[in-house]
Amino acid sequence: MAYPEQFTGFQSPSADKWLDFDKNSWTPRPFGDHDVDIKIECCGVCASDKHTISGDWGGCPYPLAVGHEVVGKVLKVGSKVTLAKVGQRVGVGAQVWSCGDCRRCKSDNETYCTKQIDAYGAPYLDTGYTTQGGYSSHTRIHEFWVYPIPESLPSAEAAPMLCAGITVYSPLKRFGAGPGKKVGIVGIGGLGHYGVIFAKALGAEVWAISRSRAKEADAKKMGANGLIATGEKGWDEEHKGTFDLIINTANSFDGFELEKYLSLLDVHGRWNSVGLPGGDGISIKNQDFISNGCFIGTTHLGSRREMLEMLELAASKGLQGWVEEIPISREGLQKAMEKLDKSSVRYRSCMVGYDEAFGA
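This structure is a prediction, so every number in the text was calculated from the model and none was measured. All residue numbers refer to positions counted from 1 along the written sequence of the respective chain. The predicted origin of the model limits local features to residues at a pLDDT of at least 70 and limits the giving and counting of side-chain atom pairs to 80 or more, whereas totals for whole chains, interfaces and linings rest on all residues. The side-chain values count all of the structure's non-hydrogen atoms but skip hydrogen atoms and water molecules.

Points about the pattern of salt bridges
Just to be clear on terms, a salt bridge is a Lys or Arg side-chain nitrogen sitting within 4 Å of an Asp or Glu carboxyl oxygen. In total, this model carries 20 salt bridges according to the counting rule given. Note that K50 is salt-bridged to D56, the shortest N-O span being 3.7 Å. Accessible area is worked out with a 1.4 Å probe on protein chains only. A residue is then buried under 20% of its type maximum, exposed over 50%, and partly exposed in between. Judged by relative accessible area, D56 falls into the partly exposed class, the value being 46%. In this structure, the salt-bridge partner of E257 is K260, at a minimum N-O distance of 3.7 Å. Relative accessible area serves as the criterion here: at 32%, E257 is assigned to the partly exposed category.

Observations concerning the packing of aromatic side chains
Aromatic ring pairs are described here by two measures, namely the spacing of the ring centres and the angle between the planes. We call Phe, Tyr and Trp rings a pair once their centres come within 6.5 Å, taking the six-membered ring for Trp, and we label the pair stacked below 30 degrees between planes, edge-to-face above 60, and tilted otherwise. Tallied over the full model, the rule gives 11 aromatic pairs. With centroids separated by 5.6 Å and ring planes inclined at 55°, the aromatic side chains of F10 and F358 adopt a geometry described as tilted. Of this pair, F10 sits in strand β1 (residues 7–11) while F358 sits in helix α9 (residues 354–358), placing them 348 residues apart in sequence. Side by side, F10 and F358 carry an identical accessibility label, which is buried. Taking 6.2 Å as the distance between ring centres and 20° as the angle between the ring planes, the aromatic pair formed by Y194 and F198 counts as stacked. Of this pair, Y194 and F198 both sit in helix α4 (residues 192–201), 4 residues apart, roughly one helical turn. Of the two residues examined, Y194 and F198, each falls in the buried class. What links up through ring pairs into an aromatic cluster is the set W235, F256, Y261 and W271. Its guanidinium or amino end placed over the ring of Y124, R29 lies 4.1 Å from that ring's centre, counting from NZ or CZ. Charge-over-ring contacts are defined here by two conditions on Lys NZ or Arg CZ: a distance within 6 Å of the ring centre and an angle within 35 degrees of the ring normal. Sitting above the plane of the F31 ring, K76 keeps its charged end 4.3 Å from the centroid. Helical segments are the DSSP runs of H or I of at least four residues, strand segments are the runs of E of at least two, and each set is numbered from the N terminus.

Here we look at the state of the cysteines
Here a disulfide denotes one covalent bond, and it connects the sulfur atoms of two cysteines. By definition, disulfides here are pairs of cysteine sulfur atoms that lie within 2.5 Å. In this structure the tally under the stated criterion is 0 disulfides. Here C102 is not cross-linked by a disulfide; its sulfur's nearest cysteine counterpart is in C105, at 3.6 Å.

Things to note about the packing of helix α3 (residues 164–174) against helix α7 (residues 304–317)
When two helices pack together, their arrangement is given by the angle between their axes and by how far apart the axes lie. Only C-alpha atoms enter the line fits that serve as axes; for helices the fit covers just the stretch in contact. Angles between N-to-C directions range over 0 to 180 degrees. One way to put it is that α3 packs onto α7 with a least axis distance of 10 Å and a crossing angle of 100°. With respect to α7, the axis of α3 lies roughly perpendicular. Contact with α3, carried on its side by G165, I166, Y169, S170, K173 and R174, involves E306, M307, E309, M310 and L313 of α7 and no other residues of that element. Residues are grouped as follows: Ala, Val, Leu, Ile, Met, Phe, Trp, Tyr, Cys and Pro are nonpolar; Asp, Glu, Lys and Arg are charged; every other residue, Gly included, is polar. Here the residues of the contact of α3 with α7 sort into 5 nonpolar, 2 polar and 4 charged. Any angle between 65 and 115 degrees counts as roughly perpendicular, while under 35 counts as roughly parallel, over 145 as roughly antiparallel, and the rest as oblique. Contacts between residues were defined by any pair of non-hydrogen atoms, one from each residue, lying within 4.5 Å.

Thoughts on a nonpolar patch on the surface
Patches in this entry comprise residues that are over 30% relatively accessible and not in a salt bridge; like charges within 9 Å are linked, as are nonpolar side chains (Val, Leu, Ile, Met, Phe, Trp, Tyr) within 5 Å. Here the open area of atoms and residues is found with the Shrake-Rupley method and a 1.4 Å probe, where only the protein chains shown may cover a residue. A contiguous nonpolar surface patch, about 220 Å² in accessible area, is contributed by I282, I284 and I296. Tracing the chain through its elements places I284 in the loop between β16 (265–273) and β17 (295–298).

Looking at unusual backbone geometry
In the segment running from Y62 into P63, the intervening peptide bond is cis, with an omega of -5°. Residue placement: P63 occurs in the loop between α1 (47–53) and β4 (70–77). Residue Y347 is reached from R346 by a cis peptide bond, and omega for that bond is 0°. One can find Y347 in the loop between α8 (330–341) and β19 (348–352).

Quick look at the pairing of strand β14 (residues 226–229)
On β14, burial covers both faces: G226 and I228 on one face and L227 and A229 on the other are all buried. Pairing geometry for strand β13 (residues 205–210) and β14, over 4 bridges, is parallel. The partner of S210 across the bridge, within β14, is A229. For crossovers, right-handed means that the path from the first strand over the helix to the second runs clockwise, given strands pointing away from the viewer. Since β13 and β14 lie parallel, the crossover through helix α5 (residues 216–222) that links them has a hand, and here it is right-handed. One requirement defines pairing of two strands: DSSP has to find at least two bridges between them.

Structure representation (structure tokens):
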């Protein structure tokens, strides 16, 4: 494989023209002893990509290539790298650096490091470099944030797990999803469908929770024991006080009756939100959760240990997400963003065809 002096990618030029993906090149940051260069093969599409470049979450450093669910082949490794080797198929998720020395980093909580660096749009240490994401030909990543992909997992299946998958897998594991536990997954989309798949694989009783029954058949194919439709009268009555854990992946809080969701939890059950809806959020009163003493919180991605464990679980059990493949190009990315906007993805998109777009 030829070694590039510059990386190339599809960058969004500005907030008002965020869909006009320009194919540009840039010089990557200086190569370090612990760095791994990866020739990208495919990259999943996350709603975070759209929110970032469209300005939904405020300003970002344009021009910017987003994408943070990368799978590709290792092209080069630094002199001190031990966690990857040239030619290996690997993945990279939404975080690409942490300090490695703080209390959080040393306790398998490196995604909560106060110095953490995101896969795109983040200033990188003292180099002045802004991280660019996976809608690109190559990426340069510290070895700790590079994960070997099991041979049995197809690249386009593995890629979306590196953000969407780990975002739900981490709380499922941390909060005890398994045999004898009842788990609810709110929202059956890019995140939620992985929540159903992984919760079932871990041995829990799993219920999909959605506004209507439109996705009921799909949810049951993914492994759900049933579906609760919150648009139906009295939807909360039958399951009150029975859930050990509910993971909320919903992308909107419009008409969201939080107190009814919380009433589904058993004593000291957990409500864990991992979606990042826009808007003003929802109000919470002590009265909403005093009757069962439930815990309300959130989690962020997952540790390296959890990532490797998740990938091995998927490989050993043959787990697959519902992934639509779209060839990467300006038009392809516009199509992916349109599907996100219309919530028409079933249930995660992955950009492929990188050799055609960037050259072999």
